[in-house]
Amino acid sequence: MKKSFINFKNRIKATIPLRYHVIFWLSYFVFNVIRWGSYNDDFIYSIKSNLVEFPIHIILVYLNIYYLIPKFILKSKYFAFILSLIAALVFSYFLRLGLNLMFVSDDIWISMYSTMPNQSMFNHFLSEFIGQIYVIAFATAIKIIVEWSIEKKRNEKLSQLQLSTELKFLRTQVQPHFFFNTLNNLYALSLNKSSSLPRLILKLSNMMEYVLYDVTDSKADLLEEISHINNYIDIENLRFKDRIDTELLITGDLEDVKVPPLLFITFVENCFKHGLKGNDKISIKMSFEMVNKKYLEFKISNNFNPLLVNDEKKGIGISNSLRRLKLLFAKDFILQPSVNNDVYSLFLKIPVK
C-alpha cells in the first residue's frame, strides 16, 4: 500500500512539481470560499463545506487524470470511461452529502433554499453533478496544457540536439575527405623529391591547425574561411604549378561576417577534382559578395572535360553540403549548379548575420 502511494505521488510530480499542485489547490480553495461565501452571505458555512468537499474534489481530479484517462481514454475504451466517471461522481455526491451532514450542518439545504426556494432535489443533484464535472474538466485541461508545453519544449531541445549532432557528423566527414586529398598531394611531391615539399607541409600544418583547433563553433569568420581556401589553392599550385589559373573576387564588407565552417572548401575541392582530369590547364573563378548586408553570394566556376567527369567516383562533398544547408537554413538558401560550354558553375546564396 505504501509503495502504491509512493508511485502515485511520483506520477503526480512526473511533469509538474508538487509545489505547483499545492499552490493550485490552495488558490482554488480560497477562490471557492470567497465565491460561495459572497453568494450565500455566509463565509463560515462556505469554509466548513469547502473543507469537507475539497478533498473529494482532489481525489476525483487525480483519479481521472492518473487512472481513468490512462486506463480507458488512452486505450480507446470510451464507454468504460464514461461509466467509471459517472459511478465516481455519484459516489462522491453521496459521500459529500453524508460528510456535510456529519461535520457541517444538520440541514445541508439551508443555503440553497434561502436563495432558491423552488429548487428540487433533482435539480440540486444535477447542478452538483455539473459542478464536479467542471472541476475535473478545469484541472484536466490545465494538466494537458502544461504537459503539452513541456513536451513541446522537450521536442524542441531534442530537435536541436539532433541537428547539432548531425551537423557535427557532417563536418567530420568533410575533414577526412579534405586531408585525404592533401596527403595524396604530399605523396606525389615526395615521389618527385620536390623542393616545394617543405612549403606544402607548412601549408598543410596551418590548415590542420585551423580545422582541428580554430573551427570549434557552429559559425566561423568568413575571412578566415577564405584564408583557409587560399591555403588549399596554394597547396594545389605547389603541386600542379602552371596548370592552375585562379581568380578570387571579393565585393562588399566581409568583416565580421559569420558562415558555416568548411562549407565553401568542398566546392573548391570539386573544381580541382573534376577540372584537372583530362585537361592541360584549369581555370577557376571564385567570388564572394554581400547583398543588402543580409545575404552572402558565393560563385565558383571551372572548366572540365565532360567525357571524363561521368567516369569519376561520386563523392560525398556536394550531397554533404546540401544536407548541411538544409539543416542550417531550411529553405532560406539557394544552391544552383549549372553546366554551359564545358564550364561548371555553382551559385550559392545564404543568409548571414
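Residues numbered from 1 in each chain as written. Predicted model: local features only at pLDDT ≥ 70, side-chain atom pairs only at ≥ 80, totals over all residues. Heavy atoms only, no water.

The name given to the chain in an unreviewed UniProt entry is Histidine kinase, with the source organism recorded as Hwangdonia lutea.

Caption draft 1: Quick look at the overall build of the chain. Helix and strand content of the chain: 11 helices and 7 strands. A separation threshold of at least 6 residues defines the contact pool for the chain, and within that pool the share at least 24 residues apart is 72%. Surface accessibility of the chain: about 21500 Å² in total, with carbon and sulfur atoms responsible for 62%. (Helix = DSSP H or I, 4+ residues; strand = E, 2+ residues; numbered from the N terminus. Contact = heavy atoms within 4.5 Å. Areas by Shrake-Rupley, 256 points an atom, 1.4 Å probe, with all protein chains shown as cover.)

Caption draft 2: Helix 8 (residues 222-240), seen in detail. Taking 1.5 Å of rise per residue, 19 residues should cover 27 Å, and helix 8 covers 27 Å from first to last C-alpha, within 8% of that figure. Those residues of helix 8 lying buried are Leu222, Glu225, Ile226, His228, Ile229, Asn231, Tyr232, Ile233, Ile235, Glu236, Leu238 and Phe240. For helix 8, the N-terminal cap is Asp221; the gap from its side-chain oxygen to the backbone nitrogen of Leu223 is 3.0 Å. At the C-terminal side of helix 8, Lys241 shows a positive phi close to 55°. (Expected span 1.5 Å × (residues − 1). Buried < 20%, exposed > 50% of the residue type's maximum accessible area, 1.4 Å probe, protein only. Polar contact = N/O pair within 3.5 Å; in protein donor to acceptor, adjacent residues only side chain to side chain.)

Caption draft 3: Structural view of the UniProt feature "transmembrane region" (unreviewed entry) in the chain. Following the UniProt record, one finds the feature "transmembrane region" (unreviewed entry) at residues 20-39, 51-69, 81-105 and 125-146. Across residues 20-39 one finds 100% helix and 0% strand; the C-alpha atoms that close the span lie 28 Å apart. Secondary structure content for residues 51-69 is 100% helix and 0% strand, while the C-alpha to C-alpha distance between its ends is 27 Å. (UniProt positions renumbered as here; feature names shortened; annotations may be inferred.)

Caption draft 4: Summary view of the packing of aromatic side chains. Under the counting rule described, the total for this entry stands at 17 aromatic pairs. Ring geometry for Trp25 against Tyr62: centres 6.2 Å apart, planes inclined by 75°, an arrangement best described as edge-to-face. Residue Trp25 is found in helix 2 (residues 18-40), and its partner Tyr62 is found in helix 3 (residues 43-71); the two are separated by 37 residues along the sequence. An identical accessibility class is assigned to Trp25 and Tyr62; each is buried. Considering the side-chain rings of Tyr232 and Phe272, the 5.6 Å spacing of their centres and the 80° angle between planes classify their relative orientation as edge-to-face. (Phe/Tyr/Trp six-rings, centres within 6.5 Å; stacked < 30°, edge-to-face > 60°.)

Caption draft 5: Region of interest: the environment of Lys143. Summarising the element assignment, Lys143 is placed in helix 6 (residues 121-191). Between the C-alpha atom of Lys143 and that of Ile16, which follows or precedes it by 127 residues, the distance is 8.5 Å.

Caption draft 6: Structural view of a nonpolar patch on the surface. Nonpolar side chains collect at one region of the surface, where Leu18, Val22 and Leu26 lie side by side and expose about 260 Å² of accessible area between them. Relative to the helices and strands, Leu18 resides in helix 2. (Patch = residues over 30% accessible without salt bridge, like charges linked within 9 Å, V, L, I, M, F, W, Y side chains within 5 Å. Salt bridge = Lys/Arg side-chain N within 4 Å of Asp/Glu carboxyl O.)

Caption draft 7: Inspection of the nonpolar core at higher detail. In terms of nonpolar packing, the biggest core is built from 45 residues, with Phe264, Phe288, Leu296, Leu348 and Ile350 touching the most fellow members. Looking at this core, the elements with two or more residues in it are helix 6, helix 7 (197-214), helix 8, helix 9 (265-275), strand 4 (282-291), strand 5 (295-303), helix 11 (317-329) and strand 7 (343-351). Counting residues per element, this core draws most heavily on helix 8, which supplies 8 residues. Leu296 has contacts with Leu222, Leu254, Val259, Phe264, Phe288, Glu289, Met290, Leu348, Lys349, Ile350 and Val352, leaving out every residue within four places of it along the chain. Among the nonpolar cores identified, the runner-up in size contains 22 residues, and Tyr62, Phe72, Phe81 and Ile136 belong to it. (Core = buried A, V, L, I, M, F, W, Y, C linked by side-chain atoms within 4.5 Å.)

Caption draft 8: Structural view of the pairing of strand 4. The element strand 4 is largely enclosed, with a buried count of 7 among its 10 residues. The pairing of strand 4 with strand 5 spans 8 bridges and is antiparallel. Bridge pairing in strand 5 links Lys285 to Ser301. Two successive antiparallel strands, strand 4 and strand 5, enclose a turn made up of 3 residues, where Asn292 displays a positive phi of approximately 55°. (Pairing = 2+ DSSP bridges.)

Caption draft 9: Examining the pairing of strand 7 more closely. Of the strand pairs in this sheet, strand 5 and strand 7 are connected by 9 bridges, and their pairing is antiparallel. Across the sheet, residue Phe298 finds its bridge partner in strand 7, namely Leu348. Pairing between strand 6 (residues 334-340) and strand 7: 7 bridges, direction antiparallel. By the bridge assignment, Asn340 is partnered in strand 7 with Val343. Linkage of strand 6 to strand 7, two consecutive antiparallel strands, is achieved through a turn of 2 residues, within which Asn341 is found at a positive phi near 55°.

Caption draft 10: Molecular detail of the sheet that holds strand 5. The sheet built from 5 strands is open, its strands ordered 2-4-5-7-6 with mixed pairing. Each having just a single partner strand, strand 2 (244-251) and strand 6 make up the two edges of the open sheet. Averaged over all pairs of adjacent strands, the angle between their axes in this sheet comes to 10°, without regard to strand direction. Set on the sheet, helix 8 makes contact with strand 2, strand 4 and strand 5; between it and strand 2 the angle comes to about 170°. (Axes fitted to C-alpha atoms, helices over the stretch in contact; angles between N-to-C directions.)

Caption draft 11: Summary view of the packing of helix 8 against helix 9. Between helix 8 and helix 9, whose axes approach to 10 Å, the crossing angle comes to 15°. In terms of axis orientation, helix 8 runs roughly parallel to helix 9. The chirality of how helix 8 crosses helix 9 is right-handed. Residues His228, Ile229, Tyr232, Ile233 and Glu236 of helix 8 pack against Ile265, Val268, Glu269 and Phe272 of helix 9. Class assignment of the residues belonging to the contact of helix 8 with helix 9 gives a composition of 6 nonpolar, 1 polar and 2 charged. (Parallel < 35°, antiparallel > 145°, perpendicular 65-115°, else oblique. Left-handed = near helix turned anticlockwise from the far one by under 90°. Nonpolar A, V, L, I, M, F, W, Y, C, P; charged D, E, K, R; others polar.)

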